[in-house]
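Commentary on secondary and tertiary structure
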Amino acid sequence: MRTKQHIAIIGATGSMGSAISKSLCRGNYRLLLCGQDTKKTEKLLAEIRRDYHNADVTIAPCIKEASWEAEIIILAVSCCTEKEIAERIRKVVNQKIIISLANPVHKDLKSMVTDVNSSATEALQQLLPYAKVIKAFCTTFAADFETPVIDGNRLDAFIAGNDTEALENVSELISCSGFNPVIVGDLSASQTLERMQFLLIQLDLKMIMAEKQAGKSYIINS
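Description of the structure in this document.

Parameters and conventions
- Residues numbered from 1 in each chain as written.
- Predicted model: local features only at pLDDT ≥ 70, side-chain atom pairs only at ≥ 80, totals over all residues.
- Heavy atoms only, no water.
- Helix = DSSP H or I, 4+ residues; strand = E, 2+ residues; numbered from the N terminus.
- Rg over C-alpha atoms; globule rule 2.2 N^0.38 Å.
- Buried < 20%, exposed > 50% of the residue type's maximum accessible area, 1.4 Å probe, protein only.
- Contact = heavy atoms within 4.5 Å.
- Areas by Shrake-Rupley, 256 points an atom, 1.4 Å probe, with all protein chains shown as cover.
- Lys, Arg positive; Asp, Glu negative; His and termini not counted.
- Charge placed at Lys NZ, Arg CZ, Asp CG, Glu CD.
- Pairing = 2+ DSSP bridges.
- Axes fitted to C-alpha atoms, helices over the stretch in contact; angles between N-to-C directions.

With that settled, consider the overall build of the chain. Tallying secondary structure elements over the chain gives 7 helices and 10 strands in all. Scaling as 2.2 N^0.38, a compact globule of 222 residues should have a C-alpha radius of gyration of about 17 Å, and the chain matches this with 17 Å. Its C-alpha atoms give the chain principal-axis dimensions of about 50 × 40 × 35 Å. For the chain, with 222 residues in total, the buried portion stands at 48%. Once local pairs closer than 6 in sequence are excluded, the contacts in the chain between residues at least 24 apart make up 74%. Of the roughly 11,700 Å² of accessible surface on the chain, 51% is carried by carbon and sulfur atoms. Charged side chains in the chain number 25 positive and 26 negative. The centres of these two groups are separated by 5 Å.

Next comes the structure, spelled out in structure tokens:
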């Protein structure tokens, strides 16, 4: 059995961060929850301890210290925030796995921040040249964690990265979360994954508009 790994989840109280945190409580991990809002982080911790009695989880008040302690750092934050955090943790993440969820979409959800020949994750790798940056969960909605199996089949969760060992490690993590890990290529494939999610967002928005026109309420997944 693999030695228990430490995972820092930065942005743990967001919809994706919370869903990932809870899903990983079933695995052989020690989770370090990092959230800006202390009360929300404490509430998440209480929920995890209530539902997962054997979970090894604690609150980490300092992002840099948590990243230093962890072997894997999950950035469950926006694209802009990701860049800010990268500057703060750069000196303590050499040779560590950094999982990026971010999709570079403008706040109005109408266009992407990146150009056609780049991705947010490749930009993050440039900011953290000695870390092993992996793209994962970017085409997964938070609601999917509640039902990752449909008709007996696990939902696919796509992964991209340059380091073979890191890809295998993240694949195990995704399996623990209840999804079917699919490695799609090196980090350049994150361009496709980010555009896939942008398309899914656009389709969700169209559904919302259709429901509104029909006089129904609709809540977008996030």
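On to the sheet that holds strand 3 (residues 56–59), then. Pairing within the open sheet is mixed, and its 8 strands lie in the order 3-2-1-4-5-6-9-10. Of all the strands in the sheet, just strand 3 and strand 10 (180–185) have a single pairing partner and so form its edges. Between one strand axis and the next, the sheet turns through 25 degrees on average, direction left out of account. Summarising the sheet, strand 6 (residues 132–136) and strand 9 (residues 156–161) pair through 3 bridges and their orientation is antiparallel. What sits directly across from Lys135, in strand 9, is Ala160.

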